[in-house]
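# Structural characterization, general
Here are the chains, one letter per residue:
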Amino acid sequence: MSISTGMEGTGVCTVIVSFEPGAETPVVLAGIRDELASRPWEPPAAHWPRFPALVGGRDLSAGGTWLAVDPGGPVVAALLNGCGEPAPEAIRRSRGDLPLRAAAQGELPDGDLSCYDPFHLLVADPGGVRLWSWDGREVTDAKLPAGPHIVVNSGWEPGGSDPRVAYFRPRFASAERPSARDAGEGSWAAWRRLASGAGLATSDPRALVVRKELPDGQVWGTSSITLVALGDDALRYDFCSRPADPSSWREVLRVPAPR
């Protein structure tokens, strides 16, 4: 991974999460994954025999994921690339196992983090949202308060200094809240539209959905979008595999299953 550009490696590059204690659906999360177009991946499924209960997209280069869901929790864990000091080459390992372990355990996995490049790991269940950030030297732990929040590669931005945060946070805050129990587009329409970029050009500094042609000829940009809603006894997981095509949204799973 290139820490200087933030344009490579497994990870979601923007996470929007809204936490409303006491609501029918306390947690709604949108994860936007930005990656090299040439990096292979598979859409969400139960890919990991070691974690048979978990569902997520699989990064085929390293075998891990950028976002994992445990329907039985329900729990969702999302990974973002961070900024800071890279891990020593001799001991570096992929960060793609972190969302799997976090979704299975409901918290930051135990162990030495020095083998990982910097990251932000967000873990949410109906009772709350936690964010752990590792910069290569130390880890911080934040319990996010009620309300909408946006996490980017530089971290949690409650002050709105990032243009994406300043533009999108009030829009997500005022949008109809998706219900984990709804079928079809229904209450999910507004969050789907916002997470898909709200019509902004991919070159706009406020854009969530991005695309850049790199000097070496490769293309880097948004490869997928995930929406997850968690209730005390309900979960819905939607996925968009072609961010430029709103018709590619599909429901991955819903608990309880539709009758």
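Since the structure is predicted, the reported quantities are computational estimates derived from the model, not experimental observations.

## Considerations on unusual backbone geometry
- Look at the link from G73 to P74: it is a cis peptide, with omega at -15°.
- Within the secondary structure, P74 sits in the loop between β5 (67-70) and β6 (75-81).
- A cis amide bond links V255 with the next residue in sequence, P256, at an omega value of 0°.
- We note that A198 has phi near 55°; this positive angle belongs to a residue other than glycine.
- Locating A198 in the fold gives a position in the loop between α3 (189-195) and β12 (211-213).

## Considering the nonpolar core
- The biggest cluster of nonpolar side chains holds 26 residues, and the ones touching the most others in it are I16, F168, F172, W191, I225 and L227.
- For this core, the secondary-structure elements that each account for two or more residues are β2 (27-36), β10 (147-152), α2 (163-174), α3, β13 (219-231) and β14 (234-240).
- A total of four residues in this core trace back to one element, the largest contributor, which is α2.
- The contacts of F172, once residues within four sequence positions are left out, are I16, W191, L194, A195 and L208.
- In terms of nonpolar packing, the next biggest core, distinct from the first, is built from 23 residues, F19, V27, L80 and L235 among them.

Analysis parameters
- Residues numbered from 1 in each chain as written.
- Predicted model: local features only at pLDDT ≥ 70, side-chain atom pairs only at ≥ 80, totals over all residues.
- Heavy atoms only, no water.
- Helix = DSSP H or I, 4+ residues; strand = E, 2+ residues; numbered from the N terminus.
- Core = buried A, V, L, I, M, F, W, Y, C linked by side-chain atoms within 4.5 Å.
- Buried < 20%, exposed > 50% of the residue type's maximum accessible area, 1.4 Å probe, protein only.
- Contact = heavy atoms within 4.5 Å.

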